[in-house]
Amino acid sequence: MGVEQLTAADQQKRTDLRKMKLVATSFLVGATVIFFGTHAFEGAWVGYVRAAAEAGMVGALADWFAVTALFRRPLGLPIPHTAIIPERKNMFGKTLGDFVGVNFLSPEVVQDKLRRAGIAERAGAWIKQPENAERLTNELANVIKGAITVLKDEEVQAVLEHAIVKRVTEKPWGPPLGKLLNQVLTDGAHHKLVDLMCDRAYEWVRDNYDKVSLIVTDRAPTWSPKFVDAMLGDKVYTELVNFAWAVKTDVNHPMRLAIDQFMIEFSNDMQTDPSTMQKAEQVKQQVINHPDVQKLISSAWGTAKKMLIDAAEDPSSELRKRVTQGLITLGTNLATDADLRAKVDGWLEQAAGYVVGNYRAEITTLITDTVERWDAEETSRKIELQVGRDLQFIRINGTVVGALAGLVIYTVANALF
């Protein structure tokens, strides 16, 4: 066992203990001196003094033995039932653990304490203060940074791929996409997209006369005269422009209606047609296996990690501002909304009751195991350092009470006999 390290407070307690031991011992010495000193005197009063001193000596010695026996063997003698604390340390630890478990860690006691504490109201009053919300945000930021720093990137990446990518890819895409598309069509949200496509198609035809004419002339027979090809190209271009304009401006144009019908049938096929559903799965695999998508997946954690760290370190970041404002709002709601406070307090009581009800033995084991690991002699010294000064009053009282009892007994005996 190493050298015992004492704090300044413990040093003062040790000094006080030594002083009180000296005082208690002086009472014993005083009674002894008086007892033997009375043999040098004669007179009726001497017997009374001698009897009181003798009984005081006996009381002082008995209580010295009792106090000393708590912490060590008196005079080093192997007397039974002495050195009680060192010898029975483990039993005391178990008893203390059982006592704490029964009287302090019962669900009823803990829940009642939480109920009377009003934790939700107190927490709300504290959190709603902007400076406290900012302080709590700082602590949360430090926790986030610490957690992110501890986590290994490759392990987190593996978890993300398993939890997200695998779940996304293991389910068919056709039915949910078809259902989503059907809902979009039902709500008419696709009309703006169709309008945009029609506008772009008209603009392209309008602005690409040369390309349209070139397509016609390139596909014309070699024997066809060039002016005929040019006239045909002009005609095709004009018809295309007129057609594109009609589709663009007429919301009930047959082409628009055909697009709507096609999309409705396609959304239904994605939900019910095995061939279409299989093609959707093929597209899904092509998307997932694309190098750019794989690169995005592999770099997702790194990107998210950097964003979180940057946001946590920057006091002016939007994330921290939102967290702080959210905490202030939560604190205000807790301070003003009685129903919300009741719910939060109820959750805390249920959680605490569950913990102590199911893990009480593990909690009390902390006490018993800790006491068992203590060195017996050192434990005895520490306990004596804490309570030994008060125990010296037992010795003092034993001397005084013993002397008074001896005096009374001697007086009664003389009166009767």
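Residues numbered from 1 in each chain as written. Predicted model: local features only at pLDDT ≥ 70, side-chain atom pairs only at ≥ 80, totals over all residues. Heavy atoms only, no water.

Some points on the overall build of the protein
The cut-off we apply is this: Starting at the N terminus, helices and strands are each numbered in turn, a helix being any DSSP run of H or I of at least four residues and a strand any DSSP run of E of at least two. The globule rule used here is 2.2 Å times the number of residues to the 0.38 power, and the radius of gyration it is set against is calculated over C-alpha atoms. When a residue's accessible area, from a 1.4 Å probe over protein chains only, is under 20% of the maximum for its type it is buried; when over 50% it is exposed; and in between it is partly exposed. Working definition of accessibility: Shrake-Rupley area with a 1.4 Å probe, residue cover restricted to the visible protein chains.
In terms of regular secondary structure, the protein is built from 19 helices and zero strands. Its C-alpha atoms give the protein a radius of gyration of 46 Å, more than 25% over the compact-globule value 22 Å for 417 residues. C-alpha extents for the protein along the principal axes are approximately 165 × 45 × 45 Å. Taking all 417 residues of the protein together, 28% fall into the buried category. Carbon and sulfur atoms make up 64% of the accessible area of the protein, which totals about 27700 Å².

Let's talk about unusual backbone geometry
Positioned with a positive phi, Leu75 is a non-glycine residue whose angle comes to about 60°. Position of Leu75 among the secondary structure elements: in the loop between α2 (44–71) and α3 (84–87). The exposure class assigned to Leu75 is exposed, which follows from its relative accessible area of 71%. Of note in this structure, Ala83 is not a glycine but carries a positive phi near 50°. With respect to the secondary-structure elements, Ala83 resides in the loop between α2 and α3.

Some thoughts on the side chain of Asn208
For clarity, the threshold we go by: Pairs of N or O atoms are called polar contacts if they sit within 3.5 Å, as long as, within protein, a hydrogen donor faces a hydrogen acceptor (for residues adjacent in sequence, only side-chain-to-side-chain pairs).
Along the polypeptide, Asn208 turns up in the loop between α10 (191–207) and α11 (209–218). Only 2.5 Å separates the side chain of Asn208 from the backbone oxygen of Trp204, close enough to count as a polar contact.

Structural notes on the layout of surface pockets
As a reminder of what qualifies: Residues are said to line a cavity or pocket when one of their atoms sits within 4 Å of a point; the points come from a 1 Å grid over protein atoms alone, cavities being sets where a 1.4 Å probe fits but cannot get out and pockets being open sets with protein on both sides within 12 Å along at least five of seven lines. Grid points are joined across faces, edges and corners, and a volume is the space filled by probe spheres set on the points. The residue classification treats Ala, Val, Leu, Ile, Met, Phe, Trp, Tyr, Cys and Pro as nonpolar and Asp, Glu, Lys and Arg as charged. All others, Gly included, are polar.
Its boundaries defined by the atoms lining it, the largest pocket holds a volume of some 150 Å³. Together, Val194, Met197, Cys198, Ala201, Val205, Phe243, Ala244, Val247, Met255 and Ile259 line the largest pocket. Counting only elements with at least two residues in the lining of the largest pocket, the list comes to α10, α12 (226–249) and α13 (254–272). Counting residues per element, the lining of the largest pocket draws most heavily on α10, which supplies five residues. Taken together, the residues that form the lining of the largest pocket break down as ten nonpolar, no polar and no charged.

Concerning a nonpolar patch on the surface
What counts, and what does not: Distance thresholds for patches are 9 Å for like charges and 5 Å for nonpolar side chains (Val, Leu, Ile, Met, Phe, Trp, Tyr), applied to residues having over 30% relative accessible area and no salt bridge. The working definition used for a salt bridge is a side-chain nitrogen of Lys or Arg within 4 Å of a carboxyl oxygen of Asp or Glu.
A cluster of nonpolar side chains, namely Val23, Phe27, Val400 and Leu404, defines an oily patch on the protein surface of about 300 Å² accessible area. Put simply, the parts of the chain that give the nonpolar patch at least two residues each are α1 (8–37) and α19 (376–416). Summarising the element assignment, Phe27 is placed in helix α1.

Focus: the packing of α13 against helix α14 (residues 274–289)
The criterion, for reference: As a rule, the C-alpha atoms of each element are fitted with a line to give its axis, helices using only the stretch in contact, and angles between N-to-C directions run from 0 to 180 degrees. Angle categories: roughly parallel below 35 degrees, roughly antiparallel above 145, roughly perpendicular from 65 to 115, and oblique for all the rest. Between two residues, a contact is recorded if the distance between any of their heavy atoms is within 4.5 Å.
Two numbers describe how α13 lies on α14: the axes approach to 6 Å, and their chain directions differ by 85°. With respect to α14, the axis of α13 lies roughly perpendicular. Taken together, the residues of α14 that come into contact with α13 (itself represented by Phe266, Asp269, Met270, Gln271 and Thr272) are Pro274, Thr276 and Met277. Considered class by class, the residues forming the contact of α13 with α14 number four nonpolar, three polar and one charged.

Concerning the domain arrangement of the protein
What counts, and what does not: Domain start and stop points were drawn from an automatic or database domain assignment.
Domain parsing of the protein yields domain 1 (9–82 + 375–416) and domain 2 (154–306). Spacing between the C-alpha centres of domain 1 and domain 2 amounts to 103 Å.

Structural notes on the packing of aromatic side chains
Aromatic ring pairs are reported here in terms of the distance separating the ring centres and the angle at which the planes meet. Cut-off, in case you're wondering: Aromatic contacts are taken between Phe, Tyr and Trp rings whose centres are within 6.5 Å, Trp giving its six-membered ring; a plane angle under 30 degrees counts as stacked, one over 60 as edge-to-face, and the others as tilted.
Enumeration over the complete set of coordinates arrives at eight aromatic pairs. A ring pair is formed by Tyr209 and Tyr237, whose centres lie 4.9 Å apart and whose planes are at 90°; its orientation type is edge-to-face. Residue Tyr209 is located in helix α11, and its partner Tyr237 is located in helix α12; the two are separated by 28 residues in the primary sequence. Ring geometry for Phe262 against Phe266: centres 6.1 Å apart, planes inclined by 15°, an arrangement best described as stacked. Taken as a pair, Phe262 and Phe266 lie in helix α13 at a separation of four residues, close to a single helical turn.

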